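Examination of the molecular architecture
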Amino acid sequence: MATPDMLYYLLFLLWFITALLVHFFIKTFLKSRSQNSLPPSPPAIPVIGHLHLIGSVLAKSFQILANRYGPLMQIRLGASTCVVASNAAVAKEIFKNQDLNFSSRPEFGSSEYFIYRGSRFVTAQYGDYWRFMKKLCMTRLLAVPQLDKFTDIRDEEKVKLVESVMGCAREGKLCDLSSELTALTNNTICRMSMSTRCSGSDNDADQIKRLVKTCLQLAGKLSLGDILGPFRIFDFSGNGNKLVGALKEYDRLVERIITEHEEKAKKGFVERERKDLMDILLEIYNDPTAELKLSKNDIKSFLLVSSFSFTLQNYVDLPHSYIYLFLQLWELLTSTICVQDIFFAGTDTSSAAMQWAMGELINSPKAFKKLRDEINTVVGPDRLVKESDVPNLPYLRAVMRETLRLHPSAPLIIRECAEDCKINGSVIKAKTRVLVNVYAVMRDPESWTNPNEFMPERFMESSEEKIGEHQMEFKGQNFRYLPFGSGRRGCPGASLAMMMMHAAVGALVQCFDWEVKDGKKVDLTQGPGFAAEMAHPPVFEFLSYRHPLLFCTVRSIRIGR
Ligand code: HEM
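Residues numbered from 1 in each chain as written. Predicted model: local features only at pLDDT ≥ 70, side-chain atom pairs only at ≥ 80, totals over all residues. Heavy atoms only, no water.

**As for the site of the ligand**
Surrounding the ligand, one finds 26 residues, the nearest of these being R105, W130, R415, R489 and C491. The side chain of R105 places a nitrogen or oxygen atom 2.9 Å from an oxygen atom of the ligand. Take R489: an N or O atom from its side chain is 3.0 Å from an oxygen atom of the ligand. Within the residue set of the shell around the ligand, elements represented by two or more residues are α4 (128-141), α15 (348-363), β4 (412-416) and α19 (494-511). Class assignment of the residues belonging to the shell around the ligand gives a composition of 13 nonpolar, nine polar and four charged. (Near = heavy atom within 4 Å. Polar contact = N/O pair within 3.5 Å; in protein donor to acceptor, adjacent residues only side chain to side chain. Helix = DSSP H or I, 4+ residues; strand = E, 2+ residues; numbered from the N terminus. Nonpolar A, V, L, I, M, F, W, Y, C, P; charged D, E, K, R; others polar.)

**A closer look at the coordination of the iron atom of the ligand**
Protein coordination of the iron atom of the ligand rests on one atom only, C491 (SG), at 2.3 Å. Examined against the element boundaries, C491 turns out to sit in the loop between α18 (438-441) and α19. (Donors = N, O, S within 2.8 Å, 3.2 Å for Na, K, Ca; no water.)

**Comments concerning helix α16 (residues 365-379)**
With 15 residues, α16 should reach 21 Å at 1.5 Å per residue; the first-to-last C-alpha distance of 20 Å fits that figure. Three or more residues of α16 are buried, namely A367, F368, L371, R372, E374, I375 and V379. Buried residues along α16 cover an arc of 160° about the axis, so they all sit on one side. Residues of α16 that are exposed and point more than 90 degrees away from the buried face comprise P365, K366, K369 and T377. On its buried side, α16 packs onto α15, α17 (394-406), α19 and β8 (512-516). Note on α16: the residue one or two positions beyond its end, G380, has a positive phi of about 85°. (Expected span 1.5 Å × (residues − 1). Buried < 20%, exposed > 50% of the residue type's maximum accessible area, 1.4 Å probe, protein only. Arc of directions from axis to C-beta. Contact = heavy atoms within 4.5 Å.)

**With respect to the UniProt feature "binding site: heme" (unreviewed entry) in the protein chain**
Per the UniProt entry, the sites bearing "binding site: heme" (unreviewed entry) are C491 in this numbering. The exposure class of C491 is partly exposed, given its relative accessible area of 32%. (UniProt positions renumbered as here; feature names shortened; annotations may be inferred.)

**Section: the UniProt feature "transmembrane region" (unreviewed entry) in the protein chain**
UniProt annotation of "transmembrane region" (unreviewed entry) refers to residues 6-26 when read in the numbering used here. Between the C-alpha atoms that bound residues 6-26 the distance is 30 Å, and the span itself is 100% helix and 0% strand.

**Quick word on α19**
Three- or four-residue spacings in an α-helix give side chains the same orientation, since the helix completes a turn every 3.6 residues. Here α19 contains 18 residues, and its C-alpha end-to-end distance of 26 Å stays within 8% of the 26 Å for a straight helix at 1.5 Å per residue. Judged by how many residues are buried, α19 sits mostly within the fold: 17 of 18 residues are covered.

**Considerations on the packing of aromatic side chains**
Under the defined criterion, the tally for this structure stands at nine aromatic pairs. Summarising the aromatic geometry, the rings of F459 and Y481 are spaced 5.4 Å apart at their centres and angled 55° between planes, so their arrangement reads as tilted. Here F459, found in the loop between α18 and α19, pairs with Y481, found in the loop between α18 and α19; they are 22 residues apart in sequence, far enough to count as distant. Accessibility expressed as a relative area gives 1% for F459, which makes it buried. The exposure class assigned to Y481 is buried, which follows from its relative accessible area of 1%. (Phe/Tyr/Trp six-rings, centres within 6.5 Å; stacked < 30°, edge-to-face > 60°.)

**Quick word on the packing of α15 against α17**
Where α15 contacts α17, the axes come no closer than 9 Å and their chain directions differ by 105°. Regarding the angle of α15 to α17, the classification is roughly perpendicular. Contacts between α15 and α17 involve A353, W356, A357, E360 and L361 on the former and, on the latter, V399, M400, T403, L404 and L406. Considered class by class, the residues forming the contact of α15 with α17 number eight nonpolar, one polar and one charged. (Axes fitted to C-alpha atoms, helices over the stretch in contact; angles between N-to-C directions. Parallel < 35°, antiparallel > 145°, perpendicular 65-115°, else oblique.)

**Observations regarding a nonpolar patch on the surface**
On the surface, a nonpolar cluster with roughly 970 Å² of combined accessible area is contributed by F12, L13, W15, F16, I17, L20, L21, F24 and F25. Within the fold, F12 resides in helix α1 (residues 4-36). Given the relative accessible area of 43%, F12 is considered partly exposed. (Patch = residues over 30% accessible without salt bridge, like charges linked within 9 Å, V, L, I, M, F, W, Y side chains within 5 Å. Areas by Shrake-Rupley, 256 points an atom, 1.4 Å probe, with all protein chains shown as cover. Salt bridge = Lys/Arg side-chain N within 4 Å of Asp/Glu carboxyl O.)

**Brief notes about the nonpolar core**
Core analysis: the biggest nonpolar cluster contains 77 residues, and I94, L361, V505, L508 and W514 have the highest contact counts within it. The greatest single-element share of this core, amounting to 10 residues, is contributed by α19. Not counting residues up to four positions away in its chain, the partners in contact with L508 are L161, V165, L177, L181, M358 and W514. Residues V254, I258, L496 and M499 belong to the second largest nonpolar core, which totals 34 residues. (Core = buried A, V, L, I, M, F, W, Y, C linked by side-chain atoms within 4.5 Å.)

**Topic: the environment of W448**
Among the secondary structure elements, W448 is positioned in the loop between α18 and α19. Between the C-alpha atoms of W448 and A418, which are 30 residues apart in sequence, the distance is 32 Å. Polar side-chain contacts of W448 include one of 3.5 Å to the backbone oxygen of R480.

**Examining unusual backbone geometry**
For K431, which is not glycine, the phi torsion reads 75° and is therefore positive. By relative accessible area, which is 54% here, K431 ends up exposed. Here N450, not a glycine, exhibits a phi torsion of approximately 40°, which is positive. Structurally, N450 can be placed in the loop between α18 and α19.

**Regarding the sheet that holds strand β1 (residues 72-77)**
If you trace the four strands from one edge of the open sheet to the other, you get β1-β2-β7-β4, paired in mixed fashion. Of all the strands in the sheet, the pair left with one neighbour each is β1 and β4. The sheet shows a mean angle of 30° between the axes of neighbouring strands, taken without regard to direction. When β4 meets strand β7 (residues 433-437), the two strands line up antiparallel, connected through five bridges. Of the residues in β7, the one forming a bridge with I413 is V436. Along the sheet, helix α2 (residues 58-69) makes contact with β1, β2 (80-85), β4 and β7, crossing β1 at roughly 125°. Against the sheet, helix α3 (residues 88-97) engages β1, β2, β4 and β7, with an angle of about 130° to β7. (Pairing = 2+ DSSP bridges.)

**Regarding the pattern of salt bridges**
Close approach of charged atoms allows side chains with opposite charge to pair. Inspection of every chain in the model, using the stated rule, returns 22 salt bridges. E262 serves as the salt-bridge partner of K296, at 3.2 Å between the closest nitrogen and oxygen. Of the two residues, K296 sits in helix α11 (residues 296-307) while E262 sits in helix α9 (residues 239-266), which places them 34 residues apart along the sequence. Across the pair K370 and E457 runs a salt bridge, and its minimum N-O distance is 3.3 Å. Of this pair, K370 sits in helix α16 while E457 sits in the loop between α18 and α19; the two residues are 87 residues apart in sequence, bridging distant segments of the chain. Judged by its relative accessible area of 32%, E457 is partly exposed. A network of salt bridges, in which partner residues are shared, links D251, E255, E262, K296 and K300.

Now the structure itself:
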């Protein structure tokens, strides 16, 4: 027979078990409720997450998944997750309504080898340093009055581009348009920032360019090590040390260029009207009343960022294989290397856009002829198109806008959420990485008629679509058109990029006839990864050569390298 004591213990046990079960059920219920409010996500496979659903072009793969899972979805690779936004309404929520909350970019884990740690503008957290640098960009370094002082540099580099293409004709050499356009943007930005060219002479900038490329290749190889997790600290391959070595060499070189600039300034040789970006940055470095004390590392890092841009293809020495794609996706989700600094800014962005513009124009003879006719009418046959002609060339402007819509140079814009918030009915947790897929936004059939077709006319005032270029300026306030991002972190180099691109594409259309062998088309397949490069940039040969300056016929003989 049970004693009162036993009964008491039995009752206590019963109460304890019931309390445990109730606690467990409430927790599970609450967890499932909060899980339910996370953004929808495709079914994942253990360990790899969603890797099996991703094709070679990341932005396109995310676009296809978004068609199924909605404009805000969660993607996972291993233990890392990110949220992908894919339409104008969600982009507006991130870039405008909750701009402050999304004004940082993720921190970069394996940057222990980056000697300018803490001096990176493009990836800086939203705060005093970033605000100061951004203000500097917008009011001085990349402001239109400063850019206007260097119109002659951009003009000279455009003439050199035309001469170089013409040189290929004279010497019967093949013309690799992609290299020509990269040289144009590298040289232009290098001269504007440090008064030195990157190619065509054996000066420092050529060496800097080589060093930056080496650094990026080593950083790419290091990301392989990141997959080893904590074991990467052993740096088995020695790439970490090699990277530090290359960065130190870059540092010595730029230090010398800085010293030369300082000596010139001391002797009073710097013309007031001809200060390059380095002169301006040094002036602020020496200014005791400046809002924020700039360090020399800030200057070196900023110039590294804005002078050179290499996409992943350039720095990772790996074939376009699944491993390569895996690495890219890994980097995207874990941000293990400092590629975003360089990826977003600088030169390759503009040169890629010009290549796409030429590819689209060559494949669309009607658009090409319309642009040539416009230039002939406004500029005439005796001189090259120049920047001051651009306000009178609406079709040229429409061509570049349409090119950036179809082929944004930065198709996935990376931000980070500062505090828990709600978007599109879903909870986004603090520190979540958010990718705005502007490739998908700018090809959304809800926003654009025939979204995959190259139709520059849609940007003309007379267009039936009634878009009008005035509604599509580059401040990112029209959330279906975001080639330069939007909000506080929007691209500060948009004006410079447009100045370079309009004049160069205009000159290439004005001076040369381009055609593809056997009446074929330029292959407009997009390259793998999250870069926006062509998979097979065309190389051209010359058919005929008539005029010393204007009019050559150029034909693509090789589609791809
Ligand atoms: C076709 C050419 C270009 C395109 C399509 C482009 C696009 C972009 C995009 C999408 C972003 C991210 C914006 C965001 O988060 O909302 C960005 C950021 C940036 N771009 Fe550009 N860009 C181009 C050219 C340039 C040039 C020529 C420079 C300067 C020399 C430049 C400097 C920067 C910098 C410094 C940032 C980082 C801004 C920040 O984090 O606050 N870009 N760019």
